[in-house]
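Listed here are the chains, written in short residue letters.
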Amino acid sequence: MLPVQDPKLRPIAEKILSGKWLDESDGLKLYESRDLHGIGRLANHVCESLHGDVVYYNRNRHINYTNVCALSCKFCSFYRKRGEAGAYEMTVEEVVAAARKASESGATEVHIVGGLHPWLKFDYYLNLLRGIRQACPDLHIKAFTAVEIVHLSRIARMSVREVLIALSEAGLGSLPGGGAEIFDDRVHDEVFKGKVRQDKWFEVHRTAHQLGIYSNATMLYGHVEKPIERVRHLIKLRELQQESLSLKKNTPSAHMVDPDRQHSSACFNCLIPLSFIPEDSELGHLPGPTGLADLKTLAIARLMVPNIPHIKAFWIMQSIHLSQVALSWGCNDLDGTVVWYDITKREGQRGTTHQELHVQDIQRLIREARRKPVERDTLYRPVYRDTNGQIIRQELVPANV
Ligand code: V47
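The structure reproduced in this document is the subject of the present report. Remember, it's a predicted structure, so these values are computed and weren't measured experimentally.

### Digging into the sheet that holds strand S4 (residues 140-143)
Argument step 1. Reading across the sheet, the three strands line up as S2-S3-S4 and stay open at both edges, with parallel pairing between neighbours. The outermost strands of the open sheet, each flanked by one partner alone, are strand S2 (60-63) and S4. In this sheet, adjacent strand axes meet at a mean angle of 20 degrees when their direction is disregarded.
Argument step 2. Strand direction decides the pairing type here: strand S3 (residues 109-112) and S4, joined by four bridges, are parallel. By the bridge assignment, valine 110 is partnered in S4 with isoleucine 141.
Argument step 3. Docked against the sheet, helix H4 (residues 92-104) engages S2 and S3, running at close to 165 degrees with respect to S2.

Here it is as structure tokens:
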């Protein structure tokens, strides 16, 4: 029995159940359909066939090192111009201190992104990575969106490839998925003119994958884009992933990011559809997505992009309550403890950067959704801890844990 009620979704359901990929018109039909539960069941089918009942989370700490930005994207309420009230930039020492504190309280990852600061030198970024690497050798540093990487290549007068190699050597572990927004020139010119276009975003992630650096991908939805633009965005991500996966299959394995040595290539780990939060942005007059629109988009992301293994409901943006529901709509990841976040704030969080979920609460949300919570590291390897919360080193973990 096909798990859909809308007859227009039957051919799509058949494709999904037989493991075939959906095309643009299938994506549009999913958006047009009112059979939200049918779409959810299909997404859940894909999710469970990949991950069973496991839902991942991590112990992480987001750090936004500066909100000073050369750009003025209309959807963004985070950026400030230098000297403007509320503008800040953290020193390298402050970032390292925040990372050390996170590591001491059990985090395995720091997620570091900021605005395109017009005056910080390339050395600032290298020193920041080196400082964290030295202070916390085991902490994974996921840092800098593709847009920041292009900015660094301009200020350092280096190619994207050279910048990524330099950052890796200084301690970068992987790239977050931000800055993708919607890969469409009309939407680009209307909402984030001045930001790099899609070709550059893809160049950064393609190059990262070739160098063996894993990355994530995002889609910012619920502002001025149309369903067709979301569907095309998702298909473009699926295409790069396919390219990266076929390269990965054909390269030998070794974990060195070294141009003179052979290394294994990488791919996208996770896709994060980001629900637009209009408050305090230049698009504040827009209503933003509803809960049902959020669920539909998360599920459609799962269905359109079967080759990116993980779909994350980022609780900061989809809200804690809806992210829990999304675990039955194709999502198998909630991000993590976060602790500190300045880019977006929902009602009730305005005026504070402290946005934190405790591990026990994350686990409770997942269990209540009838899933099994598994702590992961950035690269989705399970993290095992003893009863005091200390990490049991992977190689010491017996096979039956
Ligand atoms: O690039 C900015 C988005 C992104 C708003 O890789 C907004 O694991 C909604 O990319 N409403 C940064 N979204 C966040 C991001 C991310 C988050 C969590 C995990 C990962 C990961 C990546 O936030 C920006 C932009 O697309 N954004 N303003 C807003 N008003």
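Having put the structure on the table, let's press on.
### Remarks on the site of the ligand
Argument step 1. Near the ligand there are 23 residues, and of these Lys142, Gly177, Gly179, Glu181 and Lys312 occur at the shortest range.
Argument step 2. At 2.8 Å, a backbone N or O of glycine 179 approaches an oxygen atom of the ligand.
Argument step 3. Asparagine 216 places a side-chain nitrogen or oxygen 3.0 Å from an oxygen atom of the ligand.
Argument step 4. Here the ligand, which alone exposes 620 Å², has 96% of that area covered by the protein.
Argument step 5. Elements represented by at least two residues in the shell around the ligand include exactly strand S5 (215-221) and strand S6 (268-275).
Argument step 6. Split into classes, the residues belonging to the shell around the ligand amount to 11 nonpolar, eight polar and four charged.

About the cut-offs
Residues numbered from 1 in each chain as written. Predicted model: local features only at pLDDT ≥ 70, side-chain atom pairs only at ≥ 80, totals over all residues. Heavy atoms only, no water. Pairing = 2+ DSSP bridges. Helix = DSSP H or I, 4+ residues; strand = E, 2+ residues; numbered from the N terminus. Axes fitted to C-alpha atoms, helices over the stretch in contact; angles between N-to-C directions. Contact = heavy atoms within 4.5 Å. Near = heavy atom within 4 Å. Polar contact = N/O pair within 3.5 Å; in protein donor to acceptor, adjacent residues only side chain to side chain. Areas by Shrake-Rupley, 256 points an atom, 1.4 Å probe, with all protein chains shown as cover. Nonpolar A, V, L, I, M, F, W, Y, C, P; charged D, E, K, R; others polar.

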